[in-house]
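Structural description and commentary
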Amino acid sequence: MAPQQPRLDSGSSSKSEDNFSAAHPASLELPSASLTFKDLSFSVQLPTGEQKPILEPCSGHLKPGQLVALMGPSGCGKSTLLDMLAMKKTAKYSGEVLVNGHVRDPRTFQRVATYVGQEDVMPQHWKVREAIKFNAILKTPVAKRKGWTGAAVDLLLEAFGLSGIKDTYIGGPQVRGISGGQRRRVTLARGIAAQGSLVFCDEPTSGLSATDAELCIKALSVIAKRLSVLILVVIHQPRLEVAQLFDSLLLLTSGPGRLVYQGPMDGAVAYMETCGRPVPQYVNPTDYFLDLVTPGIPTDASAMFVQAYQQRLEPQILKRVAHAYEEKGLTVQEMLLARSGARLGKYAVPFFTQLGTLLQRKLAITMRNPLAIILPLLIPAALGAAVGFMFRGVGNEGLMEQISFVFVLVTLLGLGGLGLMPILIEARHYMKLETSETLYTEAASVLSSFLVDVPLAFMGAAFEVLVCFVISGMDVEHLVTIFTWSMLLFFFYDSLFGLVAACAQDGQQAMSVATAPLAVCLLCNGFFIPAPKAPDFVKMIFPISPNYYAMQAIVYDLCQSAENPFFKDFFLTYTGFTDEHGLQGVVVVVAEIILLRGLQLVALKFLHNVQK
């Protein structure tokens, strides 16, 4: 049975269409963009050195306001083609892609293009409306934002069937939230909220129920028409009701990937019939299409369809491609200037707007997560109390007992930050996905996290030191020295573990990597391995070891109040500690903190980028 002309079902989608019609289309409609690609191809190099083609050269021209389906059997290169069109392919490929007849500019293309991948990665304590509004704010020029953002978000909530759960948490393994289908729709709505004239969706219906899949594609169809957006969707064997929603079809075969059809979705059945393969009655046409172009199965006719495409369709398509080269539309920069108050460049909003938006999100998800407050505040205080009781009355003990107390205290400060690295790595995952869409810079992300996480952790470390100091009964005259150097050590280790978390693949690797520098700093504290007696290669470590400067300052201060001059002279002679390196130590540790933070930013920017 031939599919009908692709359109939205009037009964089930009229509400969404009415909402978009009544929402001042002049303020919502985006500058339209056509997409032209010529001789796009991709191959991989085998271990033998031989090149294996994944996608043979293909060309095409797609007009704005369409919902386009990319279909084909597994391994046909449909996701590869989508990634190349979306400028997400990081591996080398051949061919050219034009927007409105102009070659893509890598710096500004992401301003008019949105990519929705297969992952729905978002903070668990984020609410649905907040997630969509986040993208809208970071992609909306400041001059246009007032009044527009809220209206656009409400429309998207309605279009994707999310209005009833707009104040529900996204959820995750530890937090109960929305369903998988709803989370997929939130991801799609966030992509549309980014206001791209071109939207690329990689299998948005994968893993969804038939009903959820139809809701997603129906919403995309409405948006494509109402906002004049070109939306390309990789989809695998949609049911008839979903297939009818698409305007155009790009059908590929595999082994290697080649185009076998490019044209209107409602013309595909007639084309198959002219090629001698009519769709049997009561059979889903899209299922039948895939049966015809999947190599190695009894119904395989891929070779015939490749030849038919080259003879019947490709000459007309190449003419349209050539025409697109000649008739140029708006450049990307002109499209941006056509938007009210838009700024040129890679990002839609300035740095401080990015920082403010990220800071608002960070504060919200932190305040909603009790563990995010309990872990950095109460656990260090409890540890401090435990150590304090273990060393209770140490202020009245000898110098050796007091130095042991100080060593345990500074060791706890080093160990305390290890458990936070897996949390940093989880946050890095969705940060990389969001920065790949040029929502914000890595610097804004690091600074927003620093302004929330570090003060919390600092208060926890301060509670730990103060509680431990008070319970232990140490003399108050040593408080300033112990507290100051403890806090410097806290900032050092927080920076060190932040860098490790930015570099490591996962939490397990981060823990393994962090152990080495932590052990070196703890051992090279100048007390257990005194500098005068240390081997030459160890002596080189002391000038850069923060624990050496901390122990030197604290032990020297303790020795000054020691009642027994013998022990005072013995410890200072044994360790070689003096009061001459106090300022140098502060300068070195502060410089190391700044260096580690800078390296963390570099690592976040250049490592673990999304690879395709």
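For clarity, every value in this text was computed on a predicted model and none was experimentally measured.

**As for the overall build of the protein**
A tally of helices and strands in the protein yields 24 helices and 10 strands. Along the first, second and third principal axes, the C-alpha set of the protein runs to 105 × 60 × 45 Å. Considering only intrachain contacts with a sequence separation of at least 6, the fraction spanning at least 24 residues in the protein is 77%. Surface exposure of the protein reaches about 26500 Å², of which carbon and sulfur atoms provide 60%. The distance from the centre of the 50 positive side-chain charges to the centre of the 50 negative ones in the protein is 7 Å.

**Things to note about a nonpolar patch on the surface**
A cluster of nonpolar residues, Leu371, Leu375, Ile379, Leu383, Leu420 and Ile423, forms a patch on the protein surface that exposes about 480 Å² of accessible area. Looking at the nonpolar patch element by element, the count peaks at 4 residues for helix H15 (residues 370–390).

**Description of the sheet that holds strand S4 (residues 94–99)**
An order of S2-S1-S4-S5 is seen for the 4 strands of this open sheet, with the pairing classed as antiparallel. Two strands in the sheet have a free side with no partner beyond their single neighbour: strand S2 (51–62) and strand S5 (102–103). Pairing between strand S1 (residues 35–45) and S4: 5 bridges, direction antiparallel. Each residue of the ladder has a partner; that of Phe37, found in S4, is Val97. Where helix H3 (residues 78–85) meets the sheet, it contacts S1, S2 and S4, and its direction lies at approximately 125° from that of S1. Helix-sheet contacts for helix H12 (residues 302–326) involve S1, S2 and S4, and the interaxial angle to S2 is about 65°.

**Details of the packing of aromatic side chains**
The tally for this structure, following the rule as stated, stands at 15 aromatic pairs. The rings of Phe542, Tyr548, Tyr549 and Phe577 are connected pair by pair, giving a single aromatic cluster. For the cation-ring pair, Lys38 lies above Tyr325, with the distance from its terminal atom to the ring centre recorded as 5.5 Å.

**A short note on the nonpolar core**
Of all hydrophobic cores here, the largest spans 175 residues; its most connected members are Phe160, Phe200, Leu220, Ile231, Leu232 and Leu251. Element by element, the count of residues in this core is highest for helix H19 (residues 479–503), at 14 residues. Look past the residues within four positions of Leu232 in its chain and what remains in contact with it is Leu35, Leu62, Val68, Leu70, Leu82, Leu85, Val199, Phe200 and Cys201.

**Some remarks on the side chain of Gln402**
One can find Gln402 in helix H16 (residues 399–416). Given a relative accessible area of 10%, Gln402 falls into the buried group.

**Some details on the pattern of salt bridges**
For the structure shown, the criterion picks out 14 salt bridges. Residue Arg190 is joined to Glu434 by a salt bridge in which the shortest nitrogen-to-oxygen separation is 3.0 Å. Highlighted residues: Arg190 in helix H7 (residues 180–193) and Glu434 in helix H17 (residues 421–436), separated in sequence by 244 residues. By the burial criterion, Arg190 is buried, and Glu434 matches it.

**What about unusual backbone geometry?**
A cis amide bond, omega -5°, links Gly255 with the succeeding residue Pro256. Its identity is not glycine, yet Glu203 carries a phi of approximately 50°, on the positive side. Turning to its location among the elements, Glu203 is positioned in the loop between strand S7 (198–202) and helix H8 (210–226). You can call Glu203 partly exposed: its relative accessible area is 22%. Phi angles above zero are rare outside glycine, and Tyr282 is one such case at about 70°. Considering the arrangement of structural elements, one finds Tyr282 in the loop between helix H10 (268–274) and helix H11 (285–293).

**Concerning H17**
Helix length check: H17 (16 residues) gives 22 Å between terminal C-alpha atoms against 22 Å at 1.5 Å per residue, within 8%. Positive backbone phi, at 50°, marks Thr438, one or two positions downstream of H17.

**Details of the packing of H16 against H19**
Packed helix pairs are characterised by how far apart their axes lie and by the angle those axes make with each other. Following both chains from N to C, one finds H16 and H19 inclined at 30°, their axes separated by 8 Å at the closest point. In terms of their interaxial angle, H16 and H19 are classed as roughly parallel. The crossing of H16 and H19 is right-handed. Contact with H16, carried on its side by Val406, Leu409, Val410, Leu413 and Gly414, involves Ile482, Ser486, Leu489, Tyr493 and Phe497 of H19 and no other residues of that element. The class makeup of the residues in the contact of H16 with H19 is 8 nonpolar, 2 polar and no charged.

Definitions and cut-offs
Residues numbered from 1 in each chain as written. Predicted model: local features only at pLDDT ≥ 70, side-chain atom pairs only at ≥ 80, totals over all residues. Heavy atoms only, no water. Helix = DSSP H or I, 4+ residues; strand = E, 2+ residues; numbered from the N terminus. Contact = heavy atoms within 4.5 Å. Areas by Shrake-Rupley, 256 points an atom, 1.4 Å probe, with all protein chains shown as cover. Lys, Arg positive; Asp, Glu negative; His and termini not counted. Charge placed at Lys NZ, Arg CZ, Asp CG, Glu CD. Patch = residues over 30% accessible without salt bridge, like charges linked within 9 Å, V, L, I, M, F, W, Y side chains within 5 Å. Salt bridge = Lys/Arg side-chain N within 4 Å of Asp/Glu carboxyl O. Pairing = 2+ DSSP bridges. Axes fitted to C-alpha atoms, helices over the stretch in contact; angles between N-to-C directions. Phe/Tyr/Trp six-rings, centres within 6.5 Å; stacked < 30°, edge-to-face > 60°. Lys NZ or Arg CZ within 6 Å of the ring centre and 35° of its normal. Core = buried A, V, L, I, M, F, W, Y, C linked by side-chain atoms within 4.5 Å. Buried < 20%, exposed > 50% of the residue type's maximum accessible area, 1.4 Å probe, protein only. Expected span 1.5 Å × (residues − 1). Parallel < 35°, antiparallel > 145°, perpendicular 65-115°, else oblique. Left-handed = near helix turned anticlockwise from the far one by under 90°. Nonpolar A, V, L, I, M, F, W, Y, C, P; charged D, E, K, R; others polar.

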